[in-house]
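# Close look at the chain arrangement
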Amino acid sequence: MSEIPVSQLIFIVVMGVLLLLIVPVIESRTGKSLTELLFGFRRKSQRTQDKEGTPAKAGKEPRINNGTKGELLSFISQLITFARKNGMQVVAPGTVTYNGNTARLSALLVTPGGVTGIYCLGFGGTITGTREPHSWRQHINGEDKTFPNPLTACQEQKKILQGAMDNAGIRAEADVVTVFTNPRATLCQIPSSRIHSQPDFMKYLKETSALRNGSLDVKETARQLAVLADVKGRQEEAKEKKKKKK
């Protein structure tokens, strides 16, 4: 058998070294092995996974945080803009007290049809609702948590708001709804039309003609509610807190 010339031997060695260096790079970039690249062959288990649509590795749930003050303020700003364009007014915050009890409402929406108190929650993740008085469930970051039923909270705060309005001589019908202001909140199995996500609530305002029908003096009622909720006093209090922090 004839010997391999030295030049050919060197060429074979060099090519072998290059393959050892290049192949791992190509495999890492394409996600395919050398066999797959050359012959299009895929392992049976992998073909089965692709056919069934099952990923090779199950990914973790995306990290979700509960709502921020900025998201709440953004919602209130959006609400004020909508109200101005549609003959309504917003009183914020809408915190009112009656008989020693306080309705902690983020805002009061005054329309020709009445007054709607808005109870805002910043929970994120998947929210599953039940009827009163059972707790609601929040699934977030792989954990299941519970929180008080917002339907119960709406009923309690409606009584306080209506009582405070009647006591102040504000003749209007009051209602209270819950709005989840966190854009990463998904509402499931919600047993009431008084519970909304932020986009759903804005859609509700646009499409509900009953809010625009009525004889309530919107401007005067908003003025009276601002006094009842002590909006100026709360604004001054907030300013003082900011000064102290500085």
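Here the structure is a predicted model, which means the values were calculated and not measured. (Residues numbered from 1 in each chain as written. Predicted model: local features only at pLDDT ≥ 70, side-chain atom pairs only at ≥ 80, totals over all residues. Heavy atoms only, no water.)

With that out of the way, let us pick up the overall build of the chain. When its secondary structure is counted, the chain shows 8 helices and 11 strands. For the chain, buried positions account for 33% of its 246 residues. Sequence separation of 24 or more characterises 58% of the internal contacts of the chain that already satisfy a separation of 6 or more. Accessible surface computed for the chain: about 16,200 Å², of which carbon and sulfur atoms make up 54%. (Helix = DSSP H or I, 4+ residues; strand = E, 2+ residues; numbered from the N terminus. Buried < 20%, exposed > 50% of the residue type's maximum accessible area, 1.4 Å probe, protein only. Contact = heavy atoms within 4.5 Å. Areas by Shrake-Rupley, 256 points an atom, 1.4 Å probe, with all protein chains shown as cover.)

If a probe the size of a water molecule is rolled over the atoms, the empty space left behind becomes visible. Size it by volume and the largest pocket reaches roughly 890 Å³. If you go around the largest pocket, you meet 19 residues; those closest to its centre are Lys69, Leu73, Pro93, Arg234 and Ala238. Contributing elements (two or more residues each) for the lining of the largest pocket: α4 (69-85) and α8 (231-245). Of all the elements, α8 adds the most residues to the lining of the largest pocket, at 8 residues. Taken together, the residues that form the lining of the largest pocket break down as 7 nonpolar, 4 polar and 8 charged. Taken together, 14 residues form the lining of the second largest pocket, with Thr116, Asp175, Val177, Tyr204 and Leu211 sitting closest to its centre. Among the secondary structure elements, those contributing two or more residues to the lining of the second largest pocket are β5 (114-121) and β9 (174-180). The residue makeup of the lining of the second largest pocket, split by class, is 5 nonpolar, 6 polar and 3 charged. (1 Å grid on protein atoms, 1.4 Å probe; cavity = no way out; pocket = protein on both sides within 12 Å on 5 of 7 lines; lining within 4 Å. Points joined across faces, edges and corners; volume = space filled by probe spheres on them. Nonpolar A, V, L, I, M, F, W, Y, C, P; charged D, E, K, R; others polar.)

Counting residues in hydrophobic clusters, the biggest one holds 32 residues, and the most contacted among them are Leu161, Met165, Phe180 and Leu225. Among the elements that make up this core, the one with the highest residue count is helix α5 (residues 150-167) (7 residues). Setting aside residues no more than four positions away along its own chain, Phe180 makes contact with Leu121, Phe123, Ile127, Trp136, Phe147, Ala185, Leu187, Ile195, His196, Ser197 and Gln198. Among the nonpolar cores identified, the runner-up in size contains 16 residues, and Phe82, Leu109, Cys120 and Leu205 belong to it. (Core = buried A, V, L, I, M, F, W, Y, C linked by side-chain atoms within 4.5 Å.)

Further remarks concern the sheet that holds strand β8 (residues 143-147). In space, the 4 strands of this open sheet follow the order β8-β7-β6-β10, with mixed pairing throughout. Whereas interior strands pair on both sides, the edge strands pair on one side only; in this sheet they are β8 and β10 (185-188). Neighbour-to-neighbour, the strand axes of this sheet turn through a mean angle of 25 degrees, independent of strand direction. Pairing of strand β6 (residues 125-128) with β10 involves 4 bridges; the strand directions are parallel. Pairing of Gly125 across the sheet is with Ala185, part of β10. (Pairing = 2+ DSSP bridges. Axes fitted to C-alpha atoms, helices over the stretch in contact; angles between N-to-C directions.)

Turning our eyes to something else, we now look at the pattern of salt bridges. Side-chain pairs of opposite charge can arise where the charged atoms are in close proximity. For the structure shown, the criterion picks out 4 salt bridges. Between Asp144 and Arg137 there is a salt bridge, and its shortest N-O distance comes to 2.9 Å. (Salt bridge = Lys/Arg side-chain N within 4 Å of Asp/Glu carboxyl O.)

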